[in-house]
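Here is how the chains run, residue by residue.
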Amino acid sequence: MKTTPLFSVIHEDGEIVAVNKAPGISVCPDRWDESKERLDRLVAETVGCQVFTVHRIDRDTSGIVLFAKNPACHRRLSIAFEERGIFKSYIAVVNGRPLWKETVCDLPLVPDGNKRHMTIVDRFRGRKSVTRFSVLGSAGSYSVLRAEPETGRTHQIRVHAASLGFPVVCDPLYGRDEPVKLSSFKKNWRGDPWDEKPLLARLGLHSAELSFPPSVLSDKTETDLAEGEAATFRAPLPRDMGSLISQMEKIHERRFLPRF
């Protein structure tokens, strides 16, 4: 049986490593996950040197993760993230069909600290959190959104999407942990309901694009990024999420997002 690789390298040079992470593996150690198999370790083994974690995405989220190869680069990138100098774009499949084309959610968030390790909206104790959403397309009772977080709170996109009434599909914390099947949105589906396999059975969230201006690595010495140009990295969708969106596009009869 063919197994899906846990990550693939998108870009590597003397300063940074950008990878496309599969869902189901943690980026680095945390108090909630004691798994020995971690992305930072696997990347370090692959590139043959120590790597420094610049940012995280959820264990069950797929897509771009950026690592630095030395402390100086790690410091510059970390500051850029803190000062919102890094552009991030996610693709999310959500339950529901928004009436808006674009919207901004700025509900303040705070980690709740409960046994499920959730983040909650708290207008008094919460930290400023901003996510821009745009609708790319819909089919049946599902929609594909682009989410651009301006801040980087834990579970931010998931909480904001759920707060707007459109939780990410297959989200056991903030929505319904139910797999997405073709029969649930394709009219006149004629398959066997007892033998139907889900198109997606895990969190429908993917970190698709990340970019930063050349000033972030202004004193770079070993990077091969183009001089004076923004560094932009894009991660193709995993097969399961890509198949789901392709089926939605067929029903809608138009493409929701570019393929890369």
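Predicted model only: the values in this text are computed from it and were never measured.

Quick notes on the rules
For every chain, the first residue of the written sequence is number 1, and numbering continues from 1 onward in sequence order. Local features in this predicted model are restricted to residues whose pLDDT is 70 or higher, and side-chain atom pairs enter the listing and the counts only when it is 80 or higher, whereas totals over whole chains, interfaces and linings include all residues. The basis for every side-chain value is the complete set of heavy atoms in the structure, and neither hydrogens nor water enter the calculation. For helices the rule is a DSSP run of H or I covering at least 4 residues; for strands it is a run of E covering at least 2, with both sets numbered from the N terminus onward. Working rule for contacts: check all heavy atoms of both residues, and any pair within 4.5 Å makes them a contact. Note on areas: Shrake-Rupley with a 1.4 Å probe; residue coverage comes only from the protein chains shown. At least two bridges found by DSSP between two strands is the condition for calling them paired. The working definition used for a salt bridge is a side-chain nitrogen of Lys or Arg within 4 Å of a carboxyl oxygen of Asp or Glu. Burial here depends on accessible area, computed with a 1.4 Å probe over protein chains only, as a share of the maximum for the residue type. Under 20% is buried, over 50% is exposed, and the range in between is partly exposed. Side-chain atoms within 4.5 Å link the members of a nonpolar core, which is a set of buried Ala, Val, Leu, Ile, Met, Phe, Trp, Tyr and Cys residues. The length a helix should cover is 1.5 Å for every residue beyond the first.

Caption draft 1: Quick peek at the overall build of the protein. Within the protein one finds 4 helices and 12 strands. Once local pairs closer than 6 in sequence are excluded, the contacts in the protein between residues at least 24 apart make up 65%. Counting every atom, the protein has about 13800 Å² of accessible surface; 48% of that belongs to carbon and sulfur.

Caption draft 2: Fine view of the pairing of strand β1 (residues 7-12). Relative to strand β2 (residues 16-21), β1 runs antiparallel, the two sharing 5 bridges. When the bridges of β2 are listed, H11 appears paired with A18. Connecting the antiparallel pair β1 and β2 is a turn made up of 3 residues.

Caption draft 3: View of the pattern of salt bridges. Scanning the model with the defined rule gives 10 salt bridges in all. Between R125 and D122 there is a salt bridge, with the nearest N and O atoms lying 3.0 Å from each other. On the basis of relative accessibility, which here comes to 12%, the residue D122 falls in the buried class. Salt bridges sharing partners connect three or more residues here, namely D58, R158 and D171.

Caption draft 4: Summary view of the nonpolar core. V19, L39, V43 and F67 are the most contacted members of the largest nonpolar core, which totals 29 residues. Elements that contribute at least two residues to this core include exactly β2, α1 (39-47), β4 (62-68), β5 (87-95), β9 (131-139), β10 (142-149) and α3 (156-163). In terms of residue count, α1 provides more of this core than any other element does, 4 residues in total. If we ignore the near neighbours within four places in the chain, the residues touching V19 are F7, S8, V9, I10, L39, V43, G63, I64, V65 and F67. V93, V180, A208 and M248 belong to the second-largest nonpolar core, a separate cluster that totals 20 residues.

Caption draft 5: View of unusual backbone geometry. With a phi close to 60°, H155 is a non-glycine residue in the positive phi region. In this structure, H155 sits in the loop between β10 and α3. Although it is not a glycine, C170 sits at a positive phi angle of roughly 60°. When you line up the elements, C170 lands in the loop between α3 and β11 (205-212).

Caption draft 6: Geometry of helix α4 (residues 239-252). Compared with an ideal rise of 1.5 Å per residue, which puts 14 residues at 20 Å, α4 spans 20 Å between its outermost C-alpha atoms and is within 8% of the ideal. Considering only its buried residues, α4 is in contact with β5, β9, β10 and β11.

Caption draft 7: Inspection of the environment of D60 at higher detail. Tracing the sequence through the fold places D60 in the loop between β3 (52-53) and β4. You can call D60 partly exposed: its relative accessible area is 36%. Residues D60 and K21, 39 residues apart in the sequence, show an inter-C-alpha distance of 9.7 Å. Setting aside anything within four residues of it in sequence, one finds D60 in contact with P23, G24, R202 and L203.

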